[in-house]
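Residue-level structural notes
The lines below spell out each chain.
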Amino acid sequence: MYFPLQMFIYFQSIFNSFSPQSEKIRSITNGFIIAACFILLLVIFLTIYILVKFRAKTNKHEPKEITSNRKLEILMVTGPFILVLFFFFWSIKIMNAVLPERHKETPDVVITGHQWWWEISYPSSKSITSNELHLPVGKKLLLQLNSADVIHSWWVPSLAGKMDMIPGTTNYLWMTLSKPGIYEGACSEFCGQQHAWMRIRVIGESPEDFNQWVIINARNALPILDSKALAGETLFKKATCSSCHSIRGTDAKGIAGPDLTHFASRKMILGGILENNPKNVFDWLTDPQKIKPGAHMPRFIFNRDSISALTAYLEQLK
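Residues numbered from 1 in each chain as written. Predicted model: local features only at pLDDT ≥ 70, side-chain atom pairs only at ≥ 80, totals over all residues. Heavy atoms only, no water.

1. Describing the packing of aromatic side chains
The cut-off we apply is this: The pairing test for Phe, Tyr and Trp rings, Trp by its six-membered ring, is centres within 6.5 Å, and the orientation test on the planes gives stacked under 30 degrees, edge-to-face over 60, and tilted for anything in between. We count a stretch as a helix when DSSP gives it H or I for four or more residues in a row; a strand needs E for two or more, and each element gets its number in order from the N terminus. Here the term buried applies to any residue with accessible area under 20% of the maximum for its type, exposed to any over 50%, and partly exposed to those in between, with areas from a 1.4 Å probe on protein chains only.
Counted according to the given criterion, the structure contains 13 aromatic pairs. Look at F87 and W90: their rings are 5.9 Å apart centre to centre, the planes differ by 20 degrees, and that puts the pair in the stacked class. Of the two residues, F87 and W90 are both situated in helix α2 (residues 70–98); the distance of three residues between them amounts to about one turn of the helix. Given a relative accessible area of 23%, W90 falls into the partly exposed group. Measuring from centroid to centroid gives 6.3 Å for F210 and W213, while their planes differ by 25 degrees, and the two rings are stacked.

This is the structure in structure tokens:
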């Protein structure tokens, strides 16, 4: 399976924006920070000023009592009101730019949150993957966001805003990548025991590289020729793995777990917990609850040879 090499990884940060949408969000965030710092400095200055000006004097005369100051009162009311009004209209403007009108266009990508992984499908092709979202650079894309179980929240800070995924509700988000790379994100709504390990990887590629990935990922699984992997394929079917997982081109049609058609092409597994390599896959199949407590993957009591055969089979799915 094709995967671009030497891609720079951009970690989560709203101040490290790589899309027009995140740049707009970053600008208003900076505006809030500047306004908050100004108010903080003003409060500190006034506190110090009052402490110095009205500190205890050596004389015992009572200070002059001031009952009202209309100009100051007007300033104290209108100043914050104007500031709130300014940020209100600025927020509305950014929301209109970042959030699409609903039901106006066919989504480029459909993302469904599960406990605790992401199902990613591309309506224009048969491509289905999990946890790693491939996108072309320079194209404005519409993401459709759904949930299969509980409330999740999609958030890749460097690319777009946070959007909740609510069961029975469809939400949308615009996303435009400005440069190639790997962008980190995470589920941002507590969704259960493994919420902290429901990570997101957005892989930004040139349009040519993305099209190549889509073509390869839309294909059915290649025939298995290795004898050990063939034994693993047989076990995969007999052990009811196919009841939960789908592998296109085979009898495996399950929908409860991730599609495994091109499992070996993914760099990370288990929602971002481990690197995808034979050792980690072997450990996962040996005892899923030890690796990811609370995961819906059951533990099958296999001997080491059987687990090794299953691992060989999964590592052939490219």
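So that's the structure; there's more coming.
2. Section: the state of the cysteines
One way to say it: the disulfide is the covalent bond shared by the sulfur atoms of two cysteines. Put simply, the rule reads: Disulfides are defined as cysteine sulfur pairs within 2.5 Å.
Applying the stated criterion across every chain yields a total of zero disulfides. A disulfide-free cysteine, C244 has its sulfur positioned 8.3 Å from the sulfur of C241, the nearest such atom. Since its relative accessible area comes to 33%, C244 is described here as partly exposed.

3. Let's talk about the pairing of strand β9 (residues 171–175)
Burial analysis of β9 places five of its five residues in the buried class, which makes it a mostly covered element. Neither face of β9 is left uncovered, since the one carrying N171, L173 and M175 and the one carrying Y172 and W174 both have all their residues buried.

4. What about helix α7 (residues 304–314)?
Our working rule: What makes two residues a contact is simply this: any of their non-hydrogen atoms within 4.5 Å. Nitrogen and oxygen atoms within 3.5 Å of one another constitute a polar contact, given that in protein one can donate a hydrogen and the other can accept it, and given that sequence-neighbouring residues count only through two side-chain atoms.
Extensive coverage of α7 is indicated by the burial of nine of its 11 residues. Where the residues of α7 are buried, they touch α4 (227–238) and α5 (278–286). The N-terminus of α7 is capped by N303, whose side-chain oxygen sits 3.2 Å from the backbone nitrogen of D305.

5. Focus on the sheet that holds strand β2 (residues 109–114)
Hydrogen bonds between backbone groups are what pair the strands of a sheet, and the pairing can be parallel or antiparallel. Heads up, the condition is: For two strands to be treated as a pair, DSSP must find no fewer than two bridges joining them. Only C-alpha atoms enter the line fits that serve as axes; for helices the fit covers just the stretch in contact. Angles between N-to-C directions range over 0 to 180 degrees.
With mixed pairing, the five strands of this open sheet are ordered in space as β4-β3-β2-β6-β9. If you trace the sheet from one side to the other, it starts and ends with β4 (128–130) and β9, each paired once. In this sheet, neighbouring strand axes are inclined to one another by 25 degrees on average, regardless of whether the strands run parallel or antiparallel.

6. Details of unusual backbone geometry
With omega at 0 degrees, the peptide bond leading from Q115 into W116 counts as cis. Along the chain, W116 turns up in the loop between β2 and β3 (117–121). Even without glycine at this site, T240 takes up a positive phi of about 65 degrees. On the secondary structure map, T240 appears in the loop between α4 and β12 (268–269).

7. A few points about the environment of L143
Its location among the elements puts L143 in strand β6 (residues 141–147). Distance from L143 to P107, taken between C-alpha atoms, is 5.7 Å for residues 36 residues apart in sequence.

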